[in-house]
Amino acid sequence: SFNIFGYNSFGAIQGYLEELAHKFPNLVQLQELGKSFEGRTMKLVKISSQPEAGNPVIFVDAGIHSREWVAPAMATYLISRLATDSDSMQIGGILDGVDWYILPVVNPDGYEYSRSSANKRLWRKTRSKTTNSRCYGVDGNRNYGFKWAVSGVSNDPCHAETFAGNKAFSEPETRMVSSVMLDNKQRIKLYVSLHSYGQYLVYPWGYTGDYLPKQWKKLDNMGKAVSVAVQRAGGKPFKVMSAGKWYPAAGGSDDFAYGAAGIPYSYTMELTEGYEFTFPESLLSKTLPQVYEGFKEFGKRIKKEF
Ligand code: 0X9
Ligand code: ZN
């Protein structure tokens, strides 16, 4: 059974999304993207009150790292609020003017694996298996094809959490996310990838701490405004900086969105408040609404600028 303030199975999340699409057919659409390595069907949630208007799109994904359960929980909560607030006209305009594309569980195989027993709880990678290794899984956030493997990665599939894969985009899951970006690159103005570790809101570059993008000040300003909005709602502020200044790691989805797809605003948002990878379920009802205020701020700013 599904609980919006709980950690749900992949199946329960999918069931909830189907229900929303059924309840709000003019607002919520599901687009099938393909199948994960183990064959789970990935569905992109599109929320739009003006589907013909060609509005700017905000693309949010979550759960590339399977153990970071708070990320799919936040993405699912975001979907639920956007759908229901819009229905009750409480949204304050962010749905007329902006479309939201949300993929709440990028790595469903790893997610289910990490839910399967206590000693699997901290599984991070996908669950793929390649012919030239007896070990499982690739770090999806090292697998994107922009500056692939130039920093912060491992080539050891067996003993490392940050194995980048045998080649860029070896994983069906990262290929699907990149297709969403490339197929919609004219319209997507903001990409946010949800993770869990250390309360950061970071922007490109992630592959290096030596340079910043030319437009870094815009990225920094929007990030700080979002942090303030979350803080105003009683939440913990984010540390806002470039990902590479935190620690350099290449092949992340944020760098690909910005550097390869040309999406002008791109972030990795780490939700954790000090609990690192295992955010307590009991705090979701407090934290998710606070972070939602940050997403409203993103929405307002994207609507205003584009
Ligand atoms: O290392 C990561 O993939 C992210 N942190 S986590 O603890 N959730 O694993 C940070 C990624 C930041 N972006 C890039 N380095 N490109
Ligand atoms: Zn992560």
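Residues numbered from 1 in each chain as written. Chains lettered and ligands numbered in written order. Predicted model: local features only at pLDDT ≥ 70, side-chain atom pairs only at ≥ 80, totals over all residues.

Moving on, we come to the sheet that holds strand 7 (residues 239-242). Strand order in the open sheet made by the 8 strands is 1-2-4-3-5-8-6-7, with mixed pairing throughout. Each edge of the open sheet carries a strand with a single partner, namely strand 1 (28-35) and strand 7. Ignoring which end each strand starts from, the neighbouring axes of this sheet average 20° apart. Examined bridge by bridge, strand 1 and strand 2 (residues 41-47) share 7 bridges and lie antiparallel to one another. Considered in strand 2, the bridge of Lys35 is made with Thr41. (Pairing = 2+ DSSP bridges. Helix = DSSP H or I, 4+ residues; strand = E, 2+ residues; numbered from the N terminus. Axes fitted to C-alpha atoms, helices over the stretch in contact; angles between N-to-C directions.)

As a matter of local geometry, ligand 1 sits amid 14 residues, with His195, Tyr197, Gly206, Ala243 and Gly252 nearest to it. Elements with a contribution of two residues or more to the shell around ligand 1: helix 7 (253-260) and strand 8 (265-270). Across the shell around ligand 1, the residue classes break down as 4 nonpolar, 6 polar and 4 charged. (Near = placed C-beta within 6 Å. Nonpolar A, V, L, I, M, F, W, Y, C, P; charged D, E, K, R; others polar.)

What follows is about helix 1 (residues 10-23). Between its terminal C-alpha atoms helix 1 stretches 20 Å, which fits the 20 Å expected from 14 residues at 1.5 Å a residue. Those residues of helix 1 that sit buried are Phe10, Ile13, Gln14, Leu17 and Leu20. Seen along its axis, helix 1 keeps its buried residues to an arc of 120°; they face one direction. Exposed residues on helix 1 whose side chains face more than 90 degrees from its buried face are Gly11, Glu19, His22 and Lys23. (Expected span 1.5 Å × (residues − 1). Buried ≥ 20, exposed ≤ 12 C-beta atoms within 10 Å, placed from the backbone. Arc of directions from axis to C-beta.)

Another point: the pairing of strand 4 (residues 99-103). Taking burial as the measure, the 5 residues of strand 4 include 5 buried ones, the bulk of the element. Alternating positions in strand 4 separate into two faces, Asp99, Tyr101 and Leu103 on one and Trp100 and Ile102 on the other, with burial throughout. As defined by bridge partners, strand 2 adjoins strand 4 across 3 bridges and the pair is classed as antiparallel. Note that in strand 4 the partner of Val45 across the bridge is Ile102. Sheet topology note: the strand 3 (residues 57-62)/strand 4 ladder contains 5 bridges and is parallel. Of the residues in strand 4, the one forming a bridge with Ile58 is Trp100.

A few words now on the nonpolar core. In this structure, Val60, Met74 and Leu78 are the most contacted members of the largest nonpolar core, which totals 84 residues. The greatest single-element share of this core, amounting to 10 residues, is contributed by helix 2 (residues 70-87). Look past the residues within four positions of Met74 in its chain and what remains in contact with it is Ala62, Leu194, Leu271, Leu288 and Val291. (Core = buried A, V, L, I, M, F, W, Y, C linked by C-beta atoms within 7 Å. Contact = placed C-beta atoms within 7 Å.)

Moving on to the UniProt feature "active site" (unreviewed entry) in the protein. UniProt annotation of "active site" (unreviewed entry) refers to Glu270 when read in the numbering used here. Relative to the assigned elements, Glu270 resides in strand 8. If we ignore the near neighbours within four places in the chain, the residues touching Glu270 are His195, Ser196, Tyr197, Gly198, Gln199 and Tyr200. (UniProt positions renumbered as here; feature names shortened; annotations may be inferred.)

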